[in-house]
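# Residue-level structural notes
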Amino acid sequence: MAARQRIGDSSGASPRRKQQPAAMVVDYVFAFKLPTNPEKLAAVTAAGSEPFDDNDTDEERGAKYRTLFLQEVRAAGIRVELSQGPINDDGTSQLLFYKVEVPFEQLAFEADRLKVMMPLQGAGPKIQAHVSHVLPECIRSCISPNVPEELDRYSDVFSVERITMFDGHEHKDTFFRPALRSFLAFNILNNIPFSSNMHTDVGLDRLVNQHAFCAHYPLHENSPSQQSSEYMTLQHEWASWGAWFKKQPLDQIRDYFGEKVSFYFAFLGHYTKWMMLAALAGIFTVAVSPTVANKVDTDELCSSNLVLCSACSTCDQQNLKENCGAYKFGQYFDNPITIFFAVFLNIWGTCLIEFWKR
């Protein structure tokens, strides 16, 4: 996913003083390839009607769908801007992008329709202290990520009529978390029809299948080049080799990537911590295995002069003591203490799941 950016007026200076349009917050992007015959396609779709013909090529049909879809998007009050893609060596561009900004009012109504849970104003419940709070202050400051701590608040189903009850309602740009804003924008655009048949001709993936666009994707909140962006914060405090020993900033991961991704990394961190306990138990088992192995059997085998019967009439005979090394190695895993290690793993696996539930 690229980075959500603010785009101002790039039309250049004007001799007359005109009111500059507000900066655009790009929520979603549609990409399509430059037509092979732009003049013909422009003539076909200029009227904005729906003159589909059986003789239309996939490119012409896709251009008609694209025109009708963008008309419906603009009619819904959603801001759309056309932007050129990367410039080739010959000065041309093979890709064009439609950048879309969904107004806050539509995002709010969509959140109301989907019954999204949002944090309320005021203090929330008291959360039980984390086990790391018993550590000394110097250790806690070392393993804690350098991110702002989010307050715990009560949540309720979002309602446009009760928007003043929710935390941060006065800041429209940051009221919805980046992941939630992208999710709401996708749902709004995904339900806009691109023909008169509103039951079948709907959905962004269907637009791609109809060759109207070659790709569609949401954008993040800020540009990665901004040091204050959430992208850069997560990159330095989480997705970095130097932060492997720190606690994961799960709240920031949830805000940026969504709840599913946050839960995935929460479980991954929980599982890794518990795997360290199992690894220590395994190392201890292997370390003490030679001391509990049956040395009598080992000495007898390694000093034996017995000769094993050959497996076939043409096979060479083998001395029993030639298997001494393999037998000693096998006792690292086949000894009485491995029984206790197996019992430990059963208890460890049960505790892993139960503590994750907590």
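Everything numeric in this text was worked out from a predicted model, so none of it was measured.

Basis of the calculations
- Residues numbered from 1 in each chain as written.
- Predicted model: local features only at pLDDT ≥ 70, side-chain atom pairs only at ≥ 80, totals over all residues.
- Heavy atoms only, no water.
- Helix = DSSP H or I, 4+ residues; strand = E, 2+ residues; numbered from the N terminus.
- Buried < 20%, exposed > 50% of the residue type's maximum accessible area, 1.4 Å probe, protein only.
- Contact = heavy atoms within 4.5 Å.
- Areas by Shrake-Rupley, 256 points an atom, 1.4 Å probe, with all protein chains shown as cover.
- Phe/Tyr/Trp six-rings, centres within 6.5 Å; stacked < 30°, edge-to-face > 60°.
- Axes fitted to C-alpha atoms, helices over the stretch in contact; angles between N-to-C directions.
- Parallel < 35°, antiparallel > 145°, perpendicular 65-115°, else oblique.
- Left-handed = near helix turned anticlockwise from the far one by under 90°.
- Nonpolar A, V, L, I, M, F, W, Y, C, P; charged D, E, K, R; others polar.
- Pairing = 2+ DSSP bridges.
- Core = buried A, V, L, I, M, F, W, Y, C linked by side-chain atoms within 4.5 Å.
- pLDDT = per-residue confidence, 0-100.
- Salt bridge = Lys/Arg side-chain N within 4 Å of Asp/Glu carboxyl O.

### Here we look at the overall build of the chain
- Broken down by element type, the chain carries 13 helices and ten strands.
- With 358 residues in all, the chain has 33% of them scored as buried.
- Residue pairs at least 24 apart in sequence account for 65% of intrachain contacts in the chain once pairs closer than 6 positions are excluded.
- As displayed, the chain offers around 23,100 Å² of accessible surface, 57% of which is attributable to carbon and sulfur atoms.

### Comments concerning the packing of aromatic side chains
- Tallying each qualifying case throughout the model produces 23 aromatic pairs.
- The interplanar angle of 70° and the centroid separation of 6.4 Å between the aromatic rings of Phe32 and Phe213 together place this pair among those described as edge-to-face. In this pair, Phe32 sits in strand β3 (residues 28-33) while Phe213 sits in the loop between α7 (204-209) and β8 (215-218), placing the two residues 181 residues apart along the sequence.
- Residue classification places Phe32 among the buried residues on the basis of a relative accessible area of 6%.
- Judged by its relative accessible area of 4%, Phe213 is buried.

### Quick notes on unusual backbone geometry
- One non-glycine residue, Lys115, lies in the positive phi region at around 60°.
- Here Lys115 is to be found in the loop between α3 (104-114) and β6 (117-119).
- Phi is positive for His211, which is not a glycine, with a value near 65°.
- Position of His211 among the secondary structure elements: in the loop between α7 and β8.
- Of the residues examined, His211 reaches a relative accessible area of 44% and is grouped as partly exposed.

### Brief notes about the packing of helix α10 (residues 259-292) against helix α13 (residues 337-357)
- Running from amino to carboxyl end, α10 crosses α13 at an angle of 165°, the nearest separation of the two axes being 11 Å. If you check the angle between α10 and α13, you find them roughly antiparallel. In terms of crossing hand, the pair formed by α10 and α13 is right-handed.
- Broken down by class, the residue content of the contact of α10 with α13 amounts to 21 nonpolar, five polar and no charged.

### Things to note about the sheet that holds β3
- Taken in spatial order, the four strands line up as β4-β5-β3-β8 in an open sheet, and their pairing is antiparallel. Each edge of the sheet is formed by a strand with only one pairing partner; in this case those strands are β4 (79-84) and β8. Neighbouring strand axes in the sheet, compared pairwise and without regard to direction, differ in orientation by 20° on average.
- Of the pairings in the sheet, the one linking β4 to strand β5 (residues 95-101) comprises six bridges and is antiparallel in character. Directly across from Glu81, in β5, lies its bridge partner Lys99.
- Where helix α6 (residues 178-190) meets the sheet, its contacts fall on β3, β5 and β8, and the angle it forms with β3 comes to roughly 55°.

### Details of the nonpolar core
- The biggest cluster of nonpolar side chains holds 36 residues, and the ones touching the most others in it are Phe30, Phe69, Phe176 and Leu189.
- Tallying contributions element by element places α6 first for this core, with five residues.
- Among residues more than four places away in sequence, those in contact with Phe30 are Phe69, Leu96, Phe97, Tyr98, Val100, Leu189, Leu204, Phe213, Ala215 and His216.
- Met24, Val26, Phe97 and Leu219 belong to the second-largest nonpolar core, a separate cluster that totals six residues.

### Considering the confidence of the model for the chain
- Model confidence for the chain is summarised by a mean pLDDT of 77, while 65% of its residues fall at 70 or above.
- Here strand β1 (residues 6-7) stands out as the element of the chain with the lowest mean pLDDT, 45, in contrast to α3, whose mean of 93 is the highest.
- Between residues 6-19, whose pLDDT stays under 50, and residues either more than four places distant or in other chains, the model counts twelve contacts.

### Considering the environment of Val80
- With respect to the element layout, Val80 can be found in strand β4.
- For the pair Val80 and Glu101, spaced 21 residues apart in the sequence, the C-alpha separation amounts to 6.6 Å.
- With residues near it in sequence (within four places) discarded, Val80 still touches Met24, Leu70, Val73, Arg74, Tyr98, Lys99 and Val100.

### Here we look at helix α8 (residues 230-237)
- Taken as a whole, α8 has its buried residues at Met232, Leu234 and Glu237.
- In this structure, the buried residues of α8 make contact with α9 (250-257).

### A few points about the pattern of salt bridges
- Scanning the model with the defined rule gives twelve salt bridges in all.
- Between Arg79 and Glu81 there is a salt bridge; the shortest N-O distance is 3.1 Å.
- Relative accessible area serves as the criterion here: at 24%, Arg79 is assigned to the partly exposed category.
- By relative accessible area, Glu81 is classed as partly exposed at 23%.
- Across the salt bridge formed by Arg254 and Asp255, the nearest N and O atoms sit 3.0 Å from each other.
- Connected via shared salt-bridge partners are Arg177, Arg254, Asp255 and Glu259.

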